[in-house]
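Chain by chain, the residues run as shown.
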Amino acid sequence: MADYGLYWRKGSGSMVVEAALRLIGVGFDRHEVPDTFAAEFTAINPAAKVPVLVLPTGQVIAESAAILLALDDAFPEARLLPPQATPARNAAVQWLVFMTANIYPAMLRFYYPERHTADAAPEAIDAVRRKAAADMTRDFAQLAAAIAGPFLVGERMTITDVYAAMLADWHEPARAMPDYAELTAALLKHPAVAEAWASHGFGT
Ligand SMILES: N[C@@H](CCC(=O)N[C@@H](CS)C(=O)NCC(=O)O)C(=O)O
């Protein structure tokens, strides 16, 4: 039995966690969560969201950014993020949090607008979607402007780059931006990332 357990769904945010595990080179079991989340899974994560990572200690961690930070703490030599207390790390963590706090929630408002309004009228739902799209346009542009090149914080890929490419792949206007196309092409040169990307059905 592998050390880590990853609860995942195809095309979901579990892709970046799988990429991290593959970059580290640690063994992990994948547990695919069906579309209709079973009671068994909500017992593991009451928020009923993937990704969820089970550590070798048995601790269960939800929230993608928390999982990535925990993995970086456990395997600093894998350099998912730049070394502690460096300007590059501060920037990589800032943009990671920027994405989880802003772009990911806007993405959910865009794809599940009916969950984000108490008004079931089609025009209310459409308004949620339009605002979410406008917010993403603003936030993807802000993030793109920060890319030092070829990666966000310079010459070396971090897990924040994989996160950015993942979010951009979900949203056609972002995917079409040269900044994200170039970032994605650069990180897919890493076989570990390419494997997670393909196994989650990204880029299709
Ligand atoms: N803040 C969470 C968001 C996770 C999330 O929304 N995951 C989606 C898949 S990408 C999910 O499981 N959605 C199921 C649902 O909302 O029903 C994180 O960063 O991990």
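Quantities reported herein were computed from a predicted structural model and do not represent experimental measurements.

**A few points about the sheet that holds strand S1 (residues 4-8)**
For step 1, the next point in the chain: Spatial ordering of the open sheet is given by S2-S1-S3-S4, a layout of four strands whose pairing is mixed. Strand pairing shows two members of the sheet lacking a second neighbour, strand S2 (28-32) and strand S4 (60-62), which therefore form its edges. Each neighbouring strand pair of the sheet contributes to a mean axis angle of 20°, computed without reference to strand direction.
For step 2, the next point in the chain: The strands touched by helix H1 (residues 14-24) within the sheet are S1, S2 and strand S3 (52-54), with S1 carrying the most contacts at an inclination of about 155°.

**Overview of the packing of helix H6 (residues 159-169) against helix H8 (residues 178-187)**
Helix-helix packing: each pair is described by the crossing angle between the helix axes and the interaxial distance.
For step 1, the next point in the chain: Look at H6 against H8: their axes get within 9 Å of each other, and the N-to-C directions meet at 125°. Judged on the interaxial angle alone, H8 and H6 are oblique. Between H6 and H8 the crossing geometry is left-handed. Listed contacts from H8 to Asp161, Val162, Ala164, Ala165 and Ala168 of H6 are Tyr180, Leu183, Thr184 and Leu187.
For step 2, the next point in the chain: Class assignment for the residues of the contact of H6 with H8 results in seven nonpolar, one polar and one charged.

**With respect to unusual backbone geometry**
For step 1, the next point in the chain: A cis geometry characterises the amide bond from Val50 onward to Pro51, with omega recorded as 5°.
For step 2, the next point in the chain: Mapped onto the secondary structure, Pro51 falls in the loop between helix H2 (39-44) and S3.
For step 3, the next point in the chain: Each neighbour pair has its own omega, and for Gly149 with Pro150 the value is -5°, a cis peptide bond.
For step 4, the next point in the chain: Of note, Pro150 is situated in the loop between helix H5 (122-145) and H6.
For step 5, the next point in the chain: Even without being glycine, Ala48 reaches a positive phi, approximately 55°.
For step 6, the next point in the chain: Structurally, the position occupied by Ala48 is in the loop between H2 and S3.
For step 7, the next point in the chain: Residue classification places Ala48 among the partly exposed residues on the basis of a relative accessible area of 21%.
For step 8, the next point in the chain: Phi is positive for Glu63, close to 75°, though the residue is something other than glycine.

Reading guide: rules and limits
- Residues numbered from 1 in each chain as written.
- Predicted model: local features only at pLDDT ≥ 70, side-chain atom pairs only at ≥ 80, totals over all residues.
- Heavy atoms only, no water.
- Pairing = 2+ DSSP bridges.
- Helix = DSSP H or I, 4+ residues; strand = E, 2+ residues; numbered from the N terminus.
- Axes fitted to C-alpha atoms, helices over the stretch in contact; angles between N-to-C directions.
- Contact = heavy atoms within 4.5 Å.
- Parallel < 35°, antiparallel > 145°, perpendicular 65-115°, else oblique.
- Left-handed = near helix turned anticlockwise from the far one by under 90°.
- Nonpolar A, V, L, I, M, F, W, Y, C, P; charged D, E, K, R; others polar.
- Buried < 20%, exposed > 50% of the residue type's maximum accessible area, 1.4 Å probe, protein only.

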